[in-house]
Amino acid sequence: MAASAADIRSALSLPENNAHAGPSQLKKPVQATTRKPEGISRELYSLIGPSAPSIAAQLAKPRLKQKPNFGVGGVKTKWELRTFKNSARNDGLQLQHWVQASEDPSAEYSFSKYNVPNNNYTYSQDEYTRYLDDQEWTKEETDYLFSVAQDYDLRWYIIHDRYEFPNGPQRTLEDLKDRYYSVCRKLVRNRPWPGDETSKTLLLASFQFDKDREMTRKRYLESLESRTPEQIAEEEALYIEVRRLEQNERKFKRDRENLLRTLAGMDSGLPDVMEDDIVSSGVLIGGESVYKSKKKKGTVEDSPATPSTATIPSIKKPNAPKNVVFDAQNCIIRTEAPPTAIATKAAHQPAFLRSFKIPAPKAALAPKINQALAELGISATRLVMPTRDNFAQLESLLDVTTHLVETKRLVDKADYDISVLKKRMEIREGSQVDGGGDGEDGMDIDGSQAGVDAEGETEEGDDGRAVSVMSGRSGRAGGRKHGRRSMSISSVDTTSTRAGIKRQKRS
Amino acid sequence: MVNYGGDEVSAIVVDVGTSSLRAGYAGDDTPKSVIPTSFGFHKAQQTDPDVSMGDVQENGTTVVKSKYSSIYVGSSGPSLWREGMEIGNPIVEGLIQDYEPVKPLVDHAITKVMRANPAEHPILVTEPSWNTPANRERMAEIMFEEFNVPAFYIANTGVLNAFVAGKGSALVIDIGQAMASVTPVVDGFILRKGLSYSPLPKLIHAHARHVLLNPTQHRRGVELIPHQLIASKLPVDPGQPPNYTLRQDRLTGTTESWRKWAEEREVEEWVQSVAGVVDQGWNDQMVAQRPPRQYEFPTGYSAYFGMERFQVGEQLFNHGAALQASNPNLPKTIPALMTEALRACDPELRQVLVSNVVLTGGGSMFAGFAERLQNELVRSFPHTRIHAPGTPIERRYGAWLGGSILASLGTFHQLWISREEYQEHGKNIIGQRCK
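Residues numbered from 1 in each chain as written. Chains lettered and ligands numbered in written order. Predicted model: local features only at pLDDT ≥ 70, side-chain atom pairs only at ≥ 80, totals over all residues. Heavy atoms only, no water.

- Chain B goes by Actin-related protein Arp4p in an unreviewed UniProt entry, where it is assigned to Crepidotus variabilis.
- According to its UniProt record, chain B has this under Sequence similarities (unreviewed entry): "Belongs to the actin family." (UniProt positions renumbered as here; feature names shortened; annotations may be inferred.)

- Per an unreviewed UniProt entry, chain A goes by the name SWR1-complex protein 4 and belongs to Crepidotus variabilis.
- According to its UniProt record, chain A has this under Subcellular location (unreviewed entry): "Nucleus".
- Checking UniProt for chain A, the heading Sequence similarities (unreviewed entry) contains the comment "Belongs to the SWC4 family."

Right, dumping it as structure tokens:
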């Protein structure tokens, strides 16, 4: 069943544009103008009209085999011998050819359009004397050059081959080109230009000719060609050597990468470039120097292909000066990882809340500091408003407190030492028996004694603050720990890594 | 129709070579008529302008002081024995030196063989690269004034051979019957400064003749007697003395020039069927291993030729040291010609030319020639590519084919020199139009 246009119209509730119009009447005007292309169903064509998409042409019914149509059904192609005139010719030569009789006899000869004359520059005597004078060239020879150039459509090899100016000097191909193009350039420059500037510069650029460069290029070519077989063999050998070195270098680099990955946990999938960063940061100075010297020896020409270490910082840098204004306007503060950061997975810093990063006091002094802060009514572990400024203040407060605690400890120690020495003096004064010989043992004993005595000393703390509670033993143990801890803290301070936090939490 | 840019105006292409004259319609792939350029003639006696029978007769009224009382051209011209008939060839070193027989030759090819009227067809004629302006003007004169052609053009064989290979720029190596030439063609123009040629094929011919005439330890010297002079012969085994009888009736009437021509033909045929080139340079052991070939002469004598057949071809690449010592003015070999041609070209062009080498001409059909040339060239130019058509037609009639292609192109028809233009501008227009 085939749906007619009227059916579709009614289905889509489109208004009938003609009361008694059937599909046959609708079709009529369409057919009068254009024929229905093959491959579109009649109904579809009556809907979309002659504005059929061009794809429709490909919808033609596929046939199994293209059969030649030799004038079946009386449609014979009639050919006739006709004389024709070629408009590309200046004379009236009439040649004869066979054409289909249906072709228009008055039509232009179809091949005459390929006769494209290329525009040639001419100059007047006046122009020549004003712009084009050259002591190397006479006007006659320039004229001759231009006529030859036109004859051979600027095919320079041919022009050079046929160029024979009587009594003229021997000209090389470059001489001829140089003269021709320089004359053209001068003419374009000095004549009034009807078009815009860009087209003029374009045209001038097309007339550009650098004679010296061409000569050098030709010389190179010639020297390349005049190599002896030995030289060619040597070059070949050198090339192979270079390739071998390159390969070695690549292998070396790959091995080194693997090694680095194993050692520094670089299984992070970070781009290779970062590894070069490590190299530049001085981790592998020795390896780098070897790498560089090899490079200099072998692959000078290939150097742009391999990423050099120098280029990496330059990628990051341009950010800074450019965004300063923008950052200031939008209150953006960029925390830039210091360049010496080791790019490991552990060192990678994800986004974080600042409240996670409340500066912690030194673990050894933490109880004392916390106590001191508690006295001031400040909690060191929680901030109501963890802003940057507050953080800075808290940090400075912690610093100051730490300093205070440390100073106090030193003072206490000094006091204690004094009291010990005083006691010793008393003992010495009391009984002159003991000699000053047993230095270190005595010191040790003194230390342990001091540890014991320290308990008692706390009671007689000067200012009565709990901060002053300090045992010599814990102090010493803290001192030992401090050595280890300070390293991690300093690393936290500079890089503020998550690892640092973890370690802090663990302790 | 327009797809390949062709528009046939039934032009006739005439290609005159040393050995044969080719003529045919443009657009065809083989010439319709191929006739020998050599012609037979009887000398004109000043006292007795006797006009004898012949295929084509020089009209005594048009040529007043003819050297020839009668001229015999075509396939039954020189090869047909006639009493007292001399043989001539208008071409010396590739150039037409004697224009008198040119008209009967062309006329025979066009009107007798092709059965066409030259006055109805534009004619394209070929010329060797070293043709002189006077020569081409003379050719135009013959065409316009004696054949009344409507239009005429003269094209260079080097360029046409490049066109046959489908190339605009090429280094054309053309080895004909008399001359070997190397022509650099760039953008459809020859580079005159790079053109180099030598009568090398003549030397090869002379060498082959020398080889045949002189006896070796394996065989006797060959008597070069053409079949026209042999009455009867009996089959003999290879290497055995021939058993034949001469036609005594003809011996007295045979002229020296006809005898020479006939002997040359025998040598030529021997070279064509037997001679070859070793593809990897000369090497006695290698050559000795190559199979010998049997050849039977018109006398019935037959022999196997082993090393000799390669010695002949070797002359194209290498003259032996002994030969060089005895004759300092030997024609240049093919590699020497190529070196000379390339040296004269711009260094930029050399690579282009060397990667587009076109090998053509009947003289290039030595077995193994293309391979040898390739091997020789690759040594100095690694990217060498040689275009050597495998079909003999394309090699032998390369220039004619190129002319056939050119004259059937729609865009070419603006280049014809019409009769009108010729009458208006005179001979100068040929130099201007046919660059």
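## Some remarks on the overall build of chain A
So, point 1. Along the backbone of chain A there are 19 helices and two strands.
So, point 2. In chain A, buried positions account for 25% of the 507 residues.
So, point 3. Taking the contacts inside chain A whose residues are at least 6 apart along the sequence as the reference set, 52% of them involve residues at least 24 apart.
So, point 4. Element-wise, carbon and sulfur atoms account for 56% of the exposed surface of chain A, whose accessible area totals about 36,400 Å². (Helix = DSSP H or I, 4+ residues; strand = E, 2+ residues; numbered from the N terminus. Buried < 20%, exposed > 50% of the residue type's maximum accessible area, 1.4 Å probe, protein only. Contact = heavy atoms within 4.5 Å. Areas by Shrake-Rupley, 256 points an atom, 1.4 Å probe, with all protein chains shown as cover.)

## Here's the deal with the overall build of chain B
So, point 1. Across its full length, chain B holds 16 helices and 21 strands.
So, point 2. In chain B, 68% of the contacts between residues at least 6 apart in sequence involve partners at least 24 apart.
So, point 3. Accessible surface, chain B: about 18,900 Å² in total, of which carbon and sulfur atoms supply 49%.

## A closer look at the sheet that holds strand E3 (residues 33-36) of chain B
Hydrogen bonds between backbone groups are what pair the strands of a sheet, and the pairing can be parallel or antiparallel.
Residues and elements named next belong to chain B.
So, point 1. Spatially, six strands are ordered E3-E2-E1-E9-E10-E21 in an open sheet, and the strand pairing comes out mixed. A single partner strand is all that each edge strand has here, and the edge strands are E3 and strand E21 (417-418).
So, point 2. Inspection of the sheet shows strand E1 (residues 12-16) paired to strand E9 (residues 123-127) by three bridges, in the parallel sense. When the bridges of E9 are listed, Val 14 appears paired with Val 125.
So, point 3. Against the sheet, helix H2 (residues 133-146) engages E1, E9, strand E10 (151-156) and E21, with an angle of about 150 degrees to E10. (Pairing = 2+ DSSP bridges. Axes fitted to C-alpha atoms, helices over the stretch in contact; angles between N-to-C directions.)

## Observations regarding the interface of chain A and chain B
Accessible area lost during the coming together of the parts is what is often quoted as the interface size.
So, point 1. Taken together, the contact pairs 29 residues of chain A with 35 residues of chain B.
So, point 2. Between chain A and chain B lies a buried interface of about 2,800 Å² when both sides are counted; carbon and sulfur atoms form 54% of it.
So, point 3. Between chain A and chain B we count six salt bridges in total.
So, point 4. In this structure, the connection of chain A to chain B is made through 19 residue pairs in polar contact (both at pLDDT 80 or more).
So, point 5. Those elements giving two or more residues to the side of chain A that touches chain B turn out to be strand E2 (94-100), helix H6 (156-162) and helix H9 (211-225) of chain A.
So, point 6. Of the residues that constitute the side of chain A that touches chain B, the class distribution is 13 nonpolar, six polar and ten charged. (Buried area = accessible area lost by both parts, 1.4 Å probe. Salt bridge = Lys/Arg side-chain N within 4 Å of Asp/Glu carboxyl O. Polar contact = N/O pair within 3.5 Å; in protein donor to acceptor, adjacent residues only side chain to side chain. Nonpolar A, V, L, I, M, F, W, Y, C, P; charged D, E, K, R; others polar.)

## Some words on the packing of helix H3 (residues 157-164) of chain B against helix H14 (residues 398-407) of chain B
Residues and elements named next belong to chain B.
So, point 1. It is at 7 Å that the axes of H3 and H14 come closest, and there the two elements cross at 75 degrees. Our classification of the angle between H3 and H14 gives roughly perpendicular. Taking contact as the criterion, the partners of Thr 157, Leu 160, Asn 161, Phe 163 and Val 164 in H3 are, on H14, Gly 398, Ala 399, Leu 401, Gly 402, Gly 403, Ile 405 and Leu 406. (Parallel < 35°, antiparallel > 145°, perpendicular 65-115°, else oblique.)

## Brief notes about the packing of aromatic side chains
So, point 1. Enumeration according to the criterion identifies 29 aromatic pairs over all chains in this entry.
So, point 2. Taking the centre distance of 5.7 Å and the plane angle of 40 degrees together, the rings of Phe 39 of chain B and Phe 41 of chain B count as tilted.
So, point 3. Take Phe 39 of chain B: its relative accessible area is 1%, and that puts it in the buried class.
So, point 4. Look at Phe 41 of chain B and you get buried, because its relative accessible area is 9%.
So, point 5. The structure contains a cluster of three or more aromatic residues connected by ring pairs, namely Tyr 121, Tyr 123, Tyr 128, Phe 146, Trp 156, Tyr 180, Tyr 181, Phe 207 and Phe 209 of chain A.
So, point 6. When the ring centre of Tyr 128 of chain A is taken as reference, the NZ or CZ atom of Lys 139 of chain A above it lies at 5.8 Å.
So, point 7. Taking the ring centre of Phe 317 of chain B as reference, the NZ or CZ of Arg 372 of chain B above it sits at 4.5 Å. (Phe/Tyr/Trp six-rings, centres within 6.5 Å; stacked < 30°, edge-to-face > 60°. Lys NZ or Arg CZ within 6 Å of the ring centre and 35° of its normal.)

## Overview of unusual backbone geometry
So, point 1. Phi at Asp 153 of chain A takes a positive value of approximately 50 degrees, unusual for a residue other than glycine.
So, point 2. Within the element layout of this structure, Asp 153 of chain A appears in the loop between helix H5 (139-151) and H6.
So, point 3. Overall, Asp 153 of chain A belongs to the partly exposed group, its relative accessible area being 39%.
So, point 4. Here Glu 93 of chain B, not a glycine, exhibits a phi torsion of approximately 50 degrees, which is positive.
So, point 5. Position of Glu 93 of chain B among the secondary structure elements: in the loop between strand E7 (91-92) and strand E8 (95-96).

## Looking at the environment of Val 102 of chain B
Residues and elements named next belong to chain B.
So, point 1. Looking at the secondary structure, you find Val 102 in helix H1 (residues 102-113).
So, point 2. By relative accessible area, Val 102 is classed as buried at 4%.
So, point 3. Between the alpha carbons of Val 102 and Leu 21 there is a distance of 9.9 Å; along the sequence they are 81 residues apart.
So, point 4. The residues touching Val 102, leaving out its near neighbours within four places in the chain, are Ile 96, Met 139 and Ile 142.

## Some thoughts on a nonpolar patch on the surface
All names here are of chain A.
So, point 1. There is a patch of nonpolar side chains on the surface, built from Leu 44, Leu 47 and Ile 48 and spanning about 220 Å² of accessible area.
So, point 2. Looking at where Ile 48 falls in the secondary structure, it is placed in helix H3 (residues 42-48).
So, point 3. Taking the relative accessible area as the measure of exposure, Ile 48 reaches 33% and is therefore partly exposed. (Patch = residues over 30% accessible without salt bridge, like charges linked within 9 Å, V, L, I, M, F, W, Y side chains within 5 Å.)

## Some remarks on helix H8 (residues 307-314) of chain B
Each α-helix turn comprises 3.6 residues. Residues three or four places apart therefore point the same way.
So, point 1. Burial analysis of H8 of chain B places six of its eight residues in the buried class, the great majority of the element.
So, point 2. Buried residues of H8 of chain B: Glu 308, Arg 309, Phe 310, Val 312, Gly 313 and Glu 314 of chain B, and no others.

## Some points on the nonpolar core
So, point 1. Ranked by internal contacts, the top residues of the largest apolar core, which has 74 residues, are Trp 270, Leu 316, Ile 334, Phe 369 and Leu 373 of chain B.
So, point 2. Broken down by element, this core gets its largest block of residues, eight residues, from helix H7 (residues 173-190) of chain A.
So, point 3. In this structure, Val 14, Leu 21, Ile 110 and Ile 154 of chain B belong to the second largest nonpolar core, which totals 59 residues. (Core = buried A, V, L, I, M, F, W, Y, C linked by side-chain atoms within 4.5 Å.)

## Some words on the packing of H5 of chain A against H7 of chain A
Residues and elements named next belong to chain A.
So, point 1. Where H5 contacts H7, the two axes come as close as 11 Å, and the packing angle between them is 95 degrees. One finds that H5 runs roughly perpendicular with respect to H7. Contacts between H5 and H7 involve Thr 142, Leu 145, Phe 146 and Ala 149 from the former and Leu 176, Arg 179, Tyr 180, Val 183 and Cys 184 from the latter.
So, point 2. When grouped by side-chain class, the residues that make up the contact of H5 with H7 number seven nonpolar, one polar and one charged.

## Observations concerning the pattern of salt bridges
So, point 1. Per the counting criterion, the structure on display carries 40 salt bridges over all chains.
So, point 2. Between Asp 134 of chain A and Arg 179 of chain A there is a salt bridge, with the nearest N and O atoms lying 3.7 Å from each other. Taken together, the positions of Asp 134 of chain A in the loop between helix H4 (125-132) and H5 and Arg 179 of chain A in helix H7 put the pair 45 residues apart, joining distant regions of the chain.
So, point 3. One salt-bridge network, in which partners are shared between bridges, spans Glu 174, Glu 214, Arg 217 and Lys 218 of chain A together with Asp 346 and Glu 348 of chain B.

## Looking at the pairing of strand E19 (residues 357-360) of chain B
Within a regular strand, the side chains alternate between the two sheet faces.
All names here are of chain B.
So, point 1. The alternating pattern of E19 places Val 357 and Leu 359 on one face and Val 358 and Thr 360 on the opposite face, and all of these are buried.
So, point 2. Where E19 and strand E20 (residues 386-387) come together, two bridges link them in parallel fashion. Bridge assignment links Val 358 to a residue of E20, and that residue is His 387.
So, point 3. Taken together, E19, helix H12 (residues 369-380) and E20 form a β-α-β motif whose crossover is right-handed. (Right-handed = clockwise from strand over helix to strand, strands pointing away.)

## What about the sheet that holds strand E6 (residues 86-88) of chain B?
Residue and element names in this part refer to chain B.
So, point 1. Pairing within the open sheet is antiparallel, and its three strands lie in the order E5-E4-E6. The open sheet terminates on both sides in strands that have one partner only, identified here as strand E5 (68-72) and E6. The mean inter-strand angle of the sheet, taken between neighbouring strand axes irrespective of direction, is 35 degrees.
So, point 2. As paired elements, strand E4 (residues 39-43) and E5 share four bridges and run antiparallel to each other.

## Structural notes on the side chain of Glu 127 of chain A
So, point 1. In this fold, Glu 127 of chain A is placed in helix H4.
So, point 2. Beyond its immediate sequence surroundings of up to four residues, Glu 127 of chain A is in contact with Thr 122, Leu 132, Leu 187 and Arg 191 of chain A.

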